Amino acid sequence: MASEKLEEKNIIHLLQAASHLVRFAKKQMWLDYDEEVDVLYLHFESLPASNHSEMREDGIILDYNDDRLVGITILDASKR
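This text gives an overview of the structure that appears in the document. In this text the structure is predicted, and so the values were computed from the model without any measurement.

## Notes on the sheet that holds strand S3 (residues 52-55)
One key point about sheets: their strands pair by backbone hydrogen bonds, in either a parallel or an antiparallel sense.
Right, on to step 1. One open sheet accounts for five strands, arranged S1-S2-S5-S4-S3; its pairing is antiparallel. A single partner strand is all that each edge strand has here, and the edge strands are strand S1 (30-34) and S3. Averaged over neighbouring strand pairs, the angle between their axes works out to 20 degrees when direction is ignored.

## Looking at the nonpolar core
Right, on to step 1. Ranked by size, the top nonpolar core spans nine residues in total: Leu42, Phe44, Ile60, Leu62, Tyr64, Leu69, Ile72, Ile74 and Ala77.
Right, on to step 2. Among the secondary structure elements, those contributing two or more residues to this core are strand S4 (60-65) and strand S5 (68-75).

## Observations regarding the pairing of strand S2 (residues 39-43)
On a regular strand, each side chain points to the face opposite its neighbour's, so the side chains alternate between the two faces of the sheet.
Right, on to step 1. Pairing geometry for S1 and S2, over five bridges, is antiparallel. In the sheet register, Tyr33 faces S2, and the bridge partner there is Leu40.
Right, on to step 2. Between S1 and S2, which pair antiparallel in sequence order, lie four residues; one of them, Asp38, sits at a positive phi of approximately 55 degrees.
Right, on to step 3. With five bridges connecting them, S2 and S5 associate as antiparallel partners. Opposite Leu40, over in S5, you have Ile74 as the bridge partner.

## Looking at the layout of surface pockets
Right, on to step 1. By volume, the largest pocket is sized at about 1,000 Å³.
Right, on to step 2. Around the largest pocket sit 21 residues that line it, and Ala17, Leu21, Leu40, Ile74 and Ala77 are the ones nearest its centre.
Right, on to step 3. Among the elements of the structure, helix H1 (8-21), S1, S2, S4 and S5 are those that each provide at least two residues to the lining of the largest pocket.
Right, on to step 4. Sort the elements by how many residues they give to the lining of the largest pocket and H1 lands first, with eight residues.
Right, on to step 5. Residue composition of the lining of the largest pocket, by class: 14 nonpolar, five polar and two charged.

Each value, and the rule that gives it
Residues numbered from 1 in each chain as written. Predicted model: local features only at pLDDT ≥ 70, side-chain atom pairs only at ≥ 80, totals over all residues. Heavy atoms only, no water. Pairing = 2+ DSSP bridges. Helix = DSSP H or I, 4+ residues; strand = E, 2+ residues; numbered from the N terminus. Axes fitted to C-alpha atoms, helices over the stretch in contact; angles between N-to-C directions. Core = buried A, V, L, I, M, F, W, Y, C linked by side-chain atoms within 4.5 Å. Buried < 20%, exposed > 50% of the residue type's maximum accessible area, 1.4 Å probe, protein only. 1 Å grid on protein atoms, 1.4 Å probe; cavity = no way out; pocket = protein on both sides within 12 Å on 5 of 7 lines; lining within 4 Å. Points joined across faces, edges and corners; volume = space filled by probe spheres on them. Nonpolar A, V, L, I, M, F, W, Y, C, P; charged D, E, K, R; others polar.

This is how it looks when you write it as structure tokens:
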């Protein structure tokens, strides 16, 4: 596997994200990013299973299993 060196600007972005994520109520999370459609998926369970979703006006989708938040989908993620 080839090693990938992080550019300084990317390290800064990661540090900014980390400072926000550690304040979030959920302490275990998985991230998936689909570059082709610019969508970031944030899951709070290793195999999230939602039975309903709530689409907010700002392009964020909250995924629930009953009343438990299991994931967040962020549309146009790179533009935020």
